[in-house]
Every structure is written in C-alpha cells, then in structure tokens.
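This is what each chain is made of:
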Amino acid sequence: MRASECDIVIVGVGGQGVILLSDVIGRAAVKAGKPVRGAETHGMAQRGGSVINHTRIGCSLGPMVAPGSADVLLALEPAEGLRFGHFIAPWGTALVNLRPVLPATVTAGGAVYPPVEEILNHLGRRCRDLRAIDASGVAGQAGTVQAMNVVMLGALSRFIPLQESFLMEALKEVIAPRHWEANQKAFGLGKAEVE
Amino acid sequence: MVAEYLLGNVAIAKGLLEGGVGLVAGYPGTPSSEIIEAVVDLKGDHPLHVEWSVNEKVAMEVAIGASWTGARAAVTMKHVGLNVAADPFMTLAYLGVGAGLVVISADDPFCHSSQNEQDSRRYALFASLPCLDPADPQEAREMTIFGFELSESFDLPVLLRPTTRVSHARADVEAGLHQPAVGDRGFVKNHARRVALPVHARPLHTKLIEKQRSVEEALENTPWNRLRLRGEHGVIASGIAGLYVEEAIQYLDLDLSLLRVGTYPPPRRLIGRLLDHVEKVLVVEELDPVLQEVVERTAFRNRAQVEVLGKEDFIPLEGELDFLTVRNAIARMEGLSVKPALPIEAARILPPRPPVLCPGCSHRGTYYAMKKAFGKHAIYPSDIGCYTMAVNMGTVDSCLCMGASIGVGSGIRFGGEAGPICCSLGDSTFLHGGMTGLLNAAYNNAHMTVTIMDNSTTAMTGHQPHPGTGITAAGVETVTAPLEDLARALGAGMVETVDPYNLEEAIEGFKRARDFPGLSVVIARQSCVILSRKSKVKRREFRVGEDCVGCRLCVEFGCPAIEFEGERARINALCAGCGVCAQICPSSAIVEVRG
C-alpha cells in the first residue's frame with residue numbers, strides 16, 4: 001500500500017525557482033486540508049548547481065520520494081530532467097521545460113550538452129507520458145521570462161490532486177503584488193500547454 | 001491550532017518562541033542557519049536577545065551565561081560547529097543550567113553541504129547529556145519546547161539533533177502562541193555549581209552519573225518512543241529512519257513489531273520488551289550505530305534469545321537513509337526480493353553541473369591575481385566558504401575546518417616546505433577561527449602570506465552579518481571590526497588591501513606580500529556579487545569585440561557568464577559587470593558597452 005497520494009519531484013538549476021514551486025504546492029495542500037511533506041536543496045548546491053526538491057501530497061511520512069515512484073517529474077531544465085529521471089514511476093508523467101541552461105562545464109568548453117531531442121527520448125522511455133514545454137518562451141509571452149517556473153506550475157496543476165483555486169491562492173501569497181498579473185497569466189498559459 | 005507549511009528550521013524557531021526563550025545565539029552553518037533568521041522574523045515585539053556570535057564556542061558560552069541568569073536560552077549550529085563549542089559543552093554537563101538550555105546541532109548525513117558527516121548523538125553520549133532526535137518538523141517543534149522543560153527538570157542542557165531532512169524538510173506543522181520570556185532574572189552566585197575547580201568537578205561528575213537513570217526513565221514515556229508489538233520479527237528505528245521503516249512496512253504489508261525511538265539515552269525498558277517479544281530485530285538509524293550498541297548491550301544483559309541485525313550487513317554506516325535502502329534491508333530480513341534502484345544509464349551523457357562561484361564573484365579575481373603573483377608551484381592552504389568551490393583554479397590545496405588554513409599553512413612551513421605559501425579564507429571565517437591562527441603564526445614567526453577574501457558577509461550560508469559588517473542579527477547597527485587593524489594587532493608584519501576587480505593592483509599587492517620577509521596579510525575586498533545585485537549596484541556591460549582571437553583564456557577563467565561559440569568567446573546574460581575578464585584578455589577584445 002502506498003503512503004502518499006501523489007509524489008512530485010521538481011528539478012532544475014539553482015536560481016530557477018524550484019523552491020518557490022514546492023512551497024506553493026505545499027501551501028496549497030495545507031489549504032486543501034491534506035498532509036504534505038517536502039525536502040529541499042539549500043546551501044552549497046544552490047550556487048548554480050543541480051537542484052532537486054521532493055513534494056509528497058497526502059503523505060505523513062518521510063519527505064523524500066523514492067526512486068522509480070514519482071507520479072510527476074517537473075523539470076525546469078532538460079538535462080536536469082534526465083539527471084533525476086530515475087525518480088519517475090513507469091506510470092508517471094514528465095513535464096520538461098525545453099530551454100537548456102548550459103553548465104559551466106559546457107560553456108568553458110570541456111563537456112558537451114547533448115541534443116534536447118536525445119534527452120527527451122531517454123526520459124520518454126521511462127514514463128507513460130512526456131510533455132515537452134517551451135516554458136521560457138511561454139513566460140516571455142506572459143510578460144516576464146522570470147515566470148518560467150510558474151508556467152511549469154500551470155502545466156503541473158493538471159496532473160496533481162489539488163484544486164486550482166488553492167494553488168492560485170498559495171501562489172498569490174509568495175509573489176510580489178506587482179508581478180501578480182504576469183504570473184497569473186503565466187500559470188494560465190502553462191496549463192493551456194498541456195490541455 | 002492552524003497548520004502551516006513550514007520549513008523544519010522555522011518549526012524549531014516557533015518552538016523556541018513558544019517555549020518562552022529569552023536568548024538565542026548561534027553561528028551560521030547549513031543546515032542550521034534558518035533557525036536564527038526565523039526567530040528574528042517571527043519574534044515581533046518580544047523582548048528577546050538574538051545574536052549571530054563570532055563562532056559556536058562563543059555562542060554556547062553566551063547561551064550558558066543567559067541560562068545561568070534565569071533566561072531560557074538556545075544555541076544553534078551545524079554538527080561541526082559542536083566541535084568548536086565542545087569545550088564549554090562538555091563541562092556544562094557538570095555545572096548544569098539555570099533556566100532551560102537547548103543546544104541545537106544540525107547534522108548533515110551525506111555531507112550535502114559539509115566537510116564531514118559526524119553524528120551529534122555521539123556528543124550527547126560523550127557528555128552524558130540527553131539528546132532528542134526528531135523525525136520531522138512537527139516533532140522538532142515539540143521537542144524544542146519539551147527540551148526547555150527537560151533541561152530545567154534535570155538541571156542539564158539538552159541536545160536537539162535535527163538532520164538535513166528535518167531542518168530542510170517542509171511539512172504541515174501546527175504551532176501555538178509565542179510565550180513571553182519568563183523567569184526572574186539575575187545571576188545568582190553559587191561557586192560549587194558555577195566554578196569548575198577540581199574540588200567542585202568531582203562531586204558534580206558523580207551527580208551527573210547519578211542523574212542518568214532518571215533521565216532515561218523520564219524520556220521513556222515521551223510520545224517519541226513508540227512500541228508496537230506484533231509479529232516475531234521486529235525493527236527498532238531512530239528519528240527520521242522511523243518514517244522510512246513505517247513506509248516500508250506499509251508498502252511490503254508486513255506484520256512486524258516496531259519500536260520507534262526519539263530520545264537518548266534510549267529507552268532500554270521498551271527495547272527489552274521488544275527483545276522479549278521477537279526472535280530477530282533490525283536496527284535502523286542513520287550514521288553511527290548509537291542505538292544499535294544499546295540494543296546489543298541490552299540483549300546481552302537480558303540474555304535475550306534474539307538476533308540483532310543492523311549496521312554494516314543491512315544498514316550503511318555512512319550517508320543518509322531513504323525509503324528504498326530501508327525497504328530492501330527489511331525485505332532481506334524477511335527473505336523477500338530486493339528492489340534495485342534503476343539508474344538511467346543514458347544519464348552518463350549529461351555534462352556535470354557542480355556548484356560554482358557566481359558570475360562576477362570577486363573570489364575568482366582574487367585567486368587569479370594570487371596565482372599570477374605566487375605561481376602554480378606555491379602551496380595554497382584554503383578554508384571553509386564559497387571559495388572552496390574554486391578548487392579548479394589551483395589555489396585551494398587544503399580545506400579542513402573553519403580557520404584551519406592559517407594553522408595548517410604555518411605547519412606546512414615549519415614542517416619543511418621551502419616554497420611560497422599563500423593561505424586564503426573569508427572574512428567571516430577569519431573572524432570565526434582564523435584570528436587565533438594568525439596570532440600563532442606571528443608569534444612563532446611563520447614566513448607566509450594570509451589572504452582574507454573580504455566580501456563583507458557570510459555568503460555561503462545565506463548572507464548573515466558578522467562583526468566585520470557592523471550589523472547584528474537583528475539588523476541593528478553596531479561597531480565594525482576593521483580587518484586591517486586586527487591583522488596588524490595580531491602581529492602581521494605587513495598588511496595590504498587590494499580590490500580583486502582591479503587585477504593589476506591586486507597582482508602588485510600579492511607580489512609585495514610574497515616578497516615580504518615574514519608574515520604578510522592581503523585583504524582582498526569587494527562586496528559579494530549577490531548582495532551587490534540585491535542592493536542594485538549599477539552594473540557595467542561588456543561584450544566581446546572583433547579582436548577576439550579565440551585563445552580561450554577568458555573561458556578558462558571559469559566565469560559562467562563567458563561562453564565559447566564557434567571560434568570566439570561570448571558574454572551571456574549572466575554577466576554581473578565586474579570587468580575582470582576584460583583585464584585578462586590579451587587581445588583587449590572584451591570591451592565595455594558605453595550607454
């Protein structure tokens with residue numbers, strides 16, 4: 001018997017807003033009256049490194065999602081999606097932002113960033129459903145590229161057992177009022193990407 | 001009570017405020033730093049003293065003084081900080097407290113952001129003090145409040161030991177109202193209990209030993225020790241490991257007996273009851289076999305006919321546990337099939353993404369200039385801070401503990417190293433643990449250079465202020481410790497201050513320090529680039545012009561804002577405008593864009 005209603009793994013690069021997303025989901029779960037657990041990356045790894053956050057909705061036990069059991073993998077960056085792809089369950093959904101962020105190991109010329117197509121192919125073999133989203137582009141349409149993570153949240157909202165109203169309420173709590181309109185729009189456009 | 005989605009460290013801060021704390025002191029360190037920050041944010045009008053101390057030892061002493069004066073007190077640090085504070089901690093166990101004193105030492109199994117993964121429960125055992133091992137943020141909050149009461153009941157400090165997966169976990173947490181700091185204040189003289197002379201220490205040690213049994217009994221019936229007698233196989237688990245065990249038992253649908261332990265000394269009576277009931281028991285805990293040793297000893301004393309499984313064969317001694325590891329250990333005990341973690345082989349094609357110095361970080365310029373002056377064969381003892389991430393630049397040859405660069409550098413010199421030695425450490429690290437090393441180097445006449453990389457903050461742990469910044473934890477202005485004067489007063493024969501954004505000046509400064517026949521100090525001063533961005537310091541813009549010959553020197557400098565495209569360098573949107581790359585380019589191809 002599983003101990004969680006929905007296991008989500010959110011990955012990306014330090015600075016992309018991974019923590020904000022897990023915070024919003026957790027707050028929304030509390031509003032919905034569901035127990036929720038999360039595990040975050042803080043400290044050293046945040047300096048431009050790989051970041052992974054776990055969020056478990058309807059769970060009262062440990063905060064980490066087990067490998068091979070994430071219902072949703074939300075990747076704000078494609079390479080990070082594959083790096084943590086082993087978390088996704090065979091029945092799971094992967095939502096992947098298409099826009100790469102090149103690590104210093106690549107920009108400095110040593111390592112090679114593989115073609116995004118290839119990354120998606122490998123990930124696709126691990127899960128039931130893979131959705132690639134140009135979230136950075138969509139965020140631009142919403143008025144601010146910074147809202148890329150909220151575009152992805154909008155997409156995620158279709159795959160998790162939380163009412164949209166709770167997510168929006170939670171989002172509003174953590175977004176500065178002057179950015180609210182753009183973020184609201186970003187959320188809607190993200191949702192439309194997967195409908 | 002209304003539930004909120006709280007970080008473990010914030011839940012601990014709530015616990016402190018609900019427990020009527022009067023003073024909180026600490027030194028930043030992942031995963032503990034947010035506790036003090038949250039106390040500052042949440043304390044409102046409560047008249048409560050919160051401070052970032054210079055280091056963990058001082059923080060512990062400040063908390064002890066407050067406790068002896070009748071204020072409930074807490075001290076926060078990461079696990080390795082407890083090494084620094086171990087001296088007052090060990091003897092405090094003899095002397096005891098006044099008002100309740102909770103020592104919070106956050107462990108970091110797997111070294112997510114640490115130089116080792118030592119187990120703080122060992123310290124509690126070492127000092128004969130009670131330790132609370134929370135499984136999640138809610139327990140961490142409750143144990144914090146309980147810690148004050150326990151401390152006062154037994155006249156002992158109490159160690160709270162959250163791990164990364166508790167401190168940096170989030171959960172729906174129910175918290176209550178903050179209580180004003182209580183108690184009559186005023187230091188009461190009592191030499192027999194406050195002055196650790198041998199004549200006082202001997203009876204105090206006896207008293208400490210005598211308390212152990214009653215502490216164990218008082219802890220046994222707390223809600224964090226839970227016994228469930230079912231089948232003839234059982235599990236005993238400590239702290240967060242108990243959650244992984246619960247999930248594994250649910251998942252595998254097994255009828256196992258279970259004892260979850262949250263307090264130390266562990267509840268031996270409950271352990272005995274479980275041992276009487278089962279034929280086989282698996283002990284599950286992170287890091288050291290602290291609980292397992294007690295279980296084995298109890299089994300031996302009780303002559304229990306039981307097989308004890310655990311560390312080495314079933315549960316690793318290192319790293320952090322997770323559901324899969326625990327599930328598989330239980331499956332093996334039960335003769336069920338093990339479920340392997342299935343890595344994606346193709347992930348090998350991915351470029352590594354280690355954490356790196358930020359675009360525009362001044363440490364990069366400092367290390368570049370240092371290496372230009374001292375050469376690649378010099379010895380570069382370094383320290384704990386963001387700059388440790390620059391290990392690829394060739395100027396980080398050692399990293400041991402806070403401030404060690406200077407002591408280690410002196411030892412390298414006296415040990416027989418003849419070549420140039422240039423140590424480096426940050427401003428906060430210097431004030432924390434480097435000053436004594438510098439005094440020692442001067443006193444013993446070590447010929448070398450010490451570089452203080454002064455970015456005017458404690459950057460790595462999230463930009464906490466320190467005595468060099470002139471701001472307290474509560475955001476109040478205070479005296480500023482001038483690093484130049486300190487270095488001179490501690491005996492440096494020569495002190496140079498350079499700007500790492502001005503390479504020529506910095507290289508010349510390092511050369512003068514290198515040629516000085518004695519102990520020299522270079523202070524490389526430039527504000528942390530993250531803080532500059534936040535305070536909206538106007539940034540300059542740079543681009544790569546037609547003169548680029550593709551020599552890659554700027555790329556090798558390692559700034560994430562410089563990419564290589566085709567045959568030429570390119571500056572991307574991450575650029576912070578420090579301008580150092582423009583000074584490195586031999587073709588003068590990197591030029592400022594003048595608006």
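Small disclaimer: the values here were computed from a predicted structure and weren't measured.

### Some points on the overall build of chain A
Piece 1. Assigned secondary structure in chain A consists of 8 helices and 6 strands.
Piece 2. Along the first, second and third principal axes, the C-alpha atoms of chain A reach 50 × 45 × 35 Å.
Piece 3. Relative to its 195 residues, chain A shows a buried fraction of 60%.
Piece 4. The contacts of chain A with a sequence gap of at least 6 include a subset with a gap of at least 24, amounting to 67%.

### Some thoughts on the overall build of chain B
Piece 1. When you go through chain B residue by residue, the secondary structure sums to 22 helices and 22 strands.
Piece 2. In terms of its C-alpha atoms, chain B occupies a principal-axis envelope of roughly 80 × 65 × 55 Å.
Piece 3. For chain B, with 595 residues in total, the buried portion stands at 55%.
Piece 4. Counting contacts in chain B only where the partners sit at least 6 residues apart, residues at least 24 apart contribute 77% of the total.

### A short note on the interface of chain B and chain A
Piece 1. On the chain A side, the residues contacting the 49 residues of chain B number 48 residues.
Piece 2. Elements supplying a minimum of two residues to the side of chain B that touches chain A: strand E1 (3–7), strand E8 (169–174), helix H11 (241–252), helix H14 (323–333), helix H21 (553–556) and strand E20 (562–565) of chain B.
Piece 3. Take the side of chain B that touches chain A: its biggest share by element is 6 residues, from H11(B).
Piece 4. Residues of the side of chain B that touches chain A, tallied by class, amount to 31 nonpolar, 6 polar and 12 charged.
Piece 5. As defined by bridge partners, strand E2 (residues 36–39) of chain A adjoins E8(B) across 3 bridges and the pair is classed as antiparallel. By the bridge assignment, Ala39(A) is partnered in E8(B) with Ala169(B).

### Thoughts on the domain arrangement of chain B
Residues and elements named next belong to chain B.
Piece 1. Domain boundaries assigned for chain B yield domain 1 (3–220), domain 2 (226–333), domain 3 (362–534) and domain 4 (541–593).
Piece 2. Summarising the inter-unit geometry, the C-alpha centres of domain 1 and domain 2 are found 27 Å apart.
Piece 3. Domain 1 puts 24 residues into the contact, and the matching count from domain 2 is 20 residues.
Piece 4. Split into classes, the residues belonging to the side of domain 1 that touches domain 2 amount to 12 nonpolar, 2 polar and 10 charged.

### Regarding the sheet that holds strand E17 (residues 494–498) of chain B
The strands making up a sheet are joined through hydrogen bonds of the backbone, oriented either antiparallel or parallel.
Residues and elements named next belong to chain B.
Piece 1. One open sheet holds the 4 strands; their spatial order is E15-E16-E18-E17, and the pairing between them is parallel. Here the strands that pair on one side only, and so sit at the sheet edges, are strand E15 (422–426) and E17. Strand-to-strand twist across the sheet, computed as the mean angle between neighbouring axes with direction ignored, equals 20 degrees.
Piece 2. Here helix H17 (residues 427–443) sits on the sheet in contact with E15, strand E16 (448–454) and strand E18 (519–525), set at roughly 145 degrees to E15.
Piece 3. Sitting on the sheet, helix H19 (residues 503–515) is in contact with E16, E17 and E18, with an inclination near 170 degrees to E17.

### Some points on the pairing of strand E3 (residues 50–57) of chain A
Two faces make up the sheet, and in a regular strand the side chains alternate between them.
Residue and element names in this part refer to chain A.
Piece 1. Burial within E3 is extensive, with 7 of its 8 residues counted as buried.
Piece 2. Taken together, the 8 bridges between strand E1 (residues 6–13) and E3 define a ladder with antiparallel strand orientation. Its bridge partner being in E3, isoleucine 10 is matched across the sheet by asparagine 53.
Piece 3. By the bridge criterion, 4 bridges tie E2 to E3 in an arrangement that is antiparallel. Directly across from glycine 38, in E3, lies its bridge partner threonine 55.

### Details of unusual backbone geometry
Residues and elements named next belong to chain B.
Piece 1. Residue proline 31 is bonded to the preceding threonine 30 through a cis peptide linkage, with omega at 10 degrees.
Piece 2. When you line up the elements, proline 31 lands in the loop between strand E2 (23–26) and helix H2 (34–42).
Piece 3. Between tyrosine 264 and the following residue, proline 265, the backbone shows a cis peptide bond with an omega angle of 5 degrees.
Piece 4. If you trace the backbone, proline 265 turns up in the loop between strand E12 (263–264) and helix H12 (268–277).

### Concerning the nonpolar core
Piece 1. Core analysis: the largest hydrophobic core is formed by 178 residues, its most contacted members being Val151(A), Met152(A), Ala63(B), Ile236(B) and Val281(B).
Piece 2. At 8 residues, the largest contribution of residues to this core is made by helix H1 (residues 18–31) of chain A.
Piece 3. With sequence-adjacent residues up to four places away left out, Ala63(B) is seen in contact with Leu23(B), Ala25(B), Ala73(B), Ala74(B), Val75(B) and Leu101(B).
Piece 4. Counting residues in hydrophobic clusters, the runner-up holds 72 residues, among them Ala378(B), Val529(B), Val555(B) and Cys578(B).

### A word on the environment of Ile271(B)
All names here are of chain B.
Piece 1. When you line up the elements, isoleucine 271 lands in helix H12.
Piece 2. According to the C-beta neighbour criterion, isoleucine 271 is buried, with 26 such atoms within 10 Å.
Piece 3. In this structure the C-alpha to C-alpha distance between isoleucine 271 and alanine 127, which are 144 residues apart in sequence, comes to 23 Å.
Piece 4. Contacts of isoleucine 271, omitting those with residues within four sequence positions, involve Ile236, Leu259, Pro266, Val294, Val295 and Thr298.

### Details of the sheet that holds E3(A)
Piece 1. Strand order in the open sheet formed by 8 strands is E6(A)-E5(A)-E4(A)-E1(A)-E3(A)-E2(A)-E8(B)-E1(B), and the pairing between neighbours is mixed. Each having just a single partner strand, strand E6 (129–133) of chain A together with E1 of chain B make up the two edges of the open sheet. Within this sheet the neighbouring strands show an average axis-to-axis angle of 20 degrees, counted without direction.
Piece 2. Here 4 bridges tie E1(A) to strand E4 (residues 70–75) of chain A, and the two strands are oriented parallel to one another. Residue Ile8(A) lies in a different strand from E4(A), and its bridge partner there is Val72(A).
Piece 3. Along the sheet, helix H4 (residues 116–124) of chain A contacts strand E5 (88–97) and E6 of chain A; its crossing angle with E6(A), the most-contacted strand, is approximately 155 degrees.

### Some thoughts on helix H5 (residues 86–95) of chain B
The periodicity of an α-helix, 3.6 residues per turn, causes residues three or four positions apart to be oriented the same way.
All names here are of chain B.
Piece 1. For H5, the complete set of buried residues consists of Pro88, Phe89, Leu92, Tyr94 and Leu95.
Piece 2. On the buried face of H5, the contacting elements are helix H3 (56–68), helix H4 (79–84), strand E5 (101–106), helix H6 (120–127), helix H9 (191–194) and helix H10 (198–220).
Piece 3. One or two steps after H5, the chain reaches glycine 96, where phi turns positive at roughly 85 degrees.

### Some remarks on the packing of H1(A) against helix H7 (residues 164–174) of chain A
Residue and element names in this part refer to chain A.
Piece 1. Contact geometry of H1 with H7 gives a least axis separation of 8 Å together with a crossing angle of 130 degrees. Here H1 is positioned oblique relative to H7, judged by the angle of their axes. Relative to H7, the crossing made by H1 is right-handed. Residue-level contacts link Leu20, Asp23, Val24, Arg27, Ala28 and Lys31 of H1 to Phe166, Leu167, Glu169, Ala170, Leu171, Glu173 and Val174 of H7.
Piece 2. Tallied by class, the residues present in the contact of H1 with H7 amount to 8 nonpolar, no polar and 5 charged.

### With respect to the packing of helix H5 (residues 135–142) of chain A against helix H8 (residues 180–193) of chain A
Residue and element names in this part refer to chain A.
Piece 1. Where H5 contacts H8, the two axes come as close as 9 Å, and the packing angle between them is 135 degrees. With respect to H8, the element H5 is oriented oblique. The two elements H5 and H8 cross, and the hand of that crossing is right-handed. Where H5 abuts H8, its residues Ala135, Val138, Ala139, Gln141 and Ala142 lie against Ala182, Lys185, Ala186, Leu189, Gly190 and Glu193.

The rules behind each value
Residues numbered from 1 in each chain as written. Chains lettered and ligands numbered in written order. Predicted model: local features only at pLDDT ≥ 70, side-chain atom pairs only at ≥ 80, totals over all residues. Helix = DSSP H or I, 4+ residues; strand = E, 2+ residues; numbered from the N terminus. Buried ≥ 20, exposed ≤ 12 C-beta atoms within 10 Å, placed from the backbone. Contact = placed C-beta atoms within 7 Å. Nonpolar A, V, L, I, M, F, W, Y, C, P; charged D, E, K, R; others polar. Pairing = 2+ DSSP bridges. Domains from an automatic or database assignment. Axes fitted to C-alpha atoms, helices over the stretch in contact; angles between N-to-C directions. Core = buried A, V, L, I, M, F, W, Y, C linked by C-beta atoms within 7 Å. Parallel < 35°, antiparallel > 145°, perpendicular 65-115°, else oblique. Left-handed = near helix turned anticlockwise from the far one by under 90°.

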